[in-house]
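# Fold and contact review
Spelled out from the first residue to the last, the chains are:
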Amino acid sequence: SIEPNLLTNEIIDFAAHSSKILPHFHIPLQSGSNHMLRLMKRKYKREVFESRVRHIKAKMPLACIAADVIIGSPGESEDLFMETYHFIENLDISYLHIFTYSDRPEAKANQMPDKVSGADKKDRSQRLHQLGEQKKRDFYKLNTDTKHLVLWEAANKDGLMSGLTENYIPVITKYDETKINTTNQIIL
């Protein structure tokens, strides 16, 4: 997990050639609108985020890229929300963490005008969640019929155990105690 302005191409290149760093990046986007990023006092523009995503995918096509997004911040009009929506729609992001803005008494944003209604926040959250689910399905489909290393976890639920691939795809198999905390290659 690293801010887009701190994630350099050199770090991405290092990760791409490392046997110790797994191809899973969690990068906070917060908004796909430069106007909203300025209001949020972020130290980057959306172009920086886009550049990092494109560089990661050029070096590691099957890398998982998660993004945090905040919807409903004061000043976020429907047009600015759609700017974020379309920005995410057109980027090769694997899944989203979506947060709905809520006032905090000590936050400067609490004093800002142009608050977003609860109904609009709920509607925007639903639309972004649907887009996020589509992104996740597309990422899983991209990884279908490819070989991955899986770390198996200990849980035995209904005779099954789960694990995660090196690029953070959850998988399930028949429970086998000898696999607990081990890795092996599988084809998804």
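In what follows, the structure referred to is the one given above.
Residues numbered from 1 in each chain as written. Predicted model: local features only at pLDDT ≥ 70, side-chain atom pairs only at ≥ 80, totals over all residues. Heavy atoms only, no water.

## A look at the overall build of the chain
A count of helical and extended segments in the chain gives five helices and seven strands. When the helices and strands of the chain are placed in sequence order, the string is α-β-α-α-β-α-β-α-β-β-β-β. Judged by the C-alpha coordinates and their principal axes, the chain covers about 60 × 40 × 30 Å. Counting the 188 residues in the chain, one finds 39% classified as buried. On the chain, roughly 10,800 Å² of surface is accessible, and the fraction owed to carbon and sulfur atoms is 53%. Taken as two groups, the 26 positive and 25 negative side-chain charges of the chain have centres that lie 2 Å from each other. (Helix = DSSP H or I, 4+ residues; strand = E, 2+ residues; numbered from the N terminus. Buried < 20%, exposed > 50% of the residue type's maximum accessible area, 1.4 Å probe, protein only. Areas by Shrake-Rupley, 256 points an atom, 1.4 Å probe, with all protein chains shown as cover. Lys, Arg positive; Asp, Glu negative; His and termini not counted. Charge placed at Lys NZ, Arg CZ, Asp CG, Glu CD.)

## Some details on helix α4 (residues 78-89)
In this model α4 runs 16 Å from its N-terminal to its C-terminal C-alpha over twelve residues, within 8% of the 16 Å that 1.5 Å per residue would give. Those residues of α4 lying buried are L80, F81, T84, Y85, F87 and I88. Down the axis, α4 shows its buried residues gathered within 165 degrees of arc, on one side only. Next to the buried residues of α4 lie β1 (24-30), α2 (34-39), α3 (46-59), β2 (64-71), β3 (95-100) and α5 (118-143). (Expected span 1.5 Å × (residues − 1). Arc of directions from axis to C-beta. Contact = heavy atoms within 4.5 Å.)

## Quick notes on α5
The first and last C-alpha atoms of α5 sit 37 Å apart over 26 residues, in line with the 38 Å expected at 1.5 Å per residue. Among the residues of α5, those classed as buried are K121, R124, S125, L128, L131, G132, K135, F139 and N143. Among the structural elements, α3, β2, α4, β3 and β4 (147-152) are those in contact with the buried residues of α5. Phi turns positive, to about 65 degrees, at D145, one or two residues after α5.

## Considerations on the layout of surface pockets
A volume near 200 Å³ is recorded for the second largest pocket. As for the second largest pocket, its lining consists of L22, H24, L149, V150, L151, E153, L164, T165, E166, Y168 and T183. Among the secondary structure elements, those contributing two or more residues to the lining of the second largest pocket are β4 and β5 (160-165). Here the lining of the second largest pocket gets three residues from one element, more than from any other, and that element is β4. A breakdown of the residues in the lining of the second largest pocket according to their chemical character gives six nonpolar, three polar and two charged. (1 Å grid on protein atoms, 1.4 Å probe; cavity = no way out; pocket = protein on both sides within 12 Å on 5 of 7 lines; lining within 4 Å. Points joined across faces, edges and corners; volume = space filled by probe spheres on them. Nonpolar A, V, L, I, M, F, W, Y, C, P; charged D, E, K, R; others polar.)

## A look at the pairing of β5
Of the two faces of β5, only one is covered, namely that formed by M161, G163 and T165; the face formed by L160, S162 and L164 stays uncovered. One ladder, built from three bridges, connects β4 with β5; its direction is antiparallel. Its bridge partner lying in β5, V150 is registered against T165. Two strands pair when backbone bridges link them, and β5 and strand β6 (residues 170-174) are joined in this way by five bridges, in the antiparallel orientation. Bridge pairing in β6 places G163 opposite V171. (Pairing = 2+ DSSP bridges.)

## Here we look at the packing of α4 against α5
Where α4 meets α5, the axes come as close as 11 Å, and the angle between the chain directions of the two elements is 5 degrees. The pairing of α4 with α5 is recorded here as roughly parallel in orientation. Contact residues: E78, F81, M82, Y85, I88 and E89 in α4; R124, R127, L128, L131 and K135 in α5. Class assignment of the residues belonging to the contact of α4 with α5 gives a composition of six nonpolar, no polar and five charged. (Axes fitted to C-alpha atoms, helices over the stretch in contact; angles between N-to-C directions. Parallel < 35°, antiparallel > 145°, perpendicular 65-115°, else oblique.)

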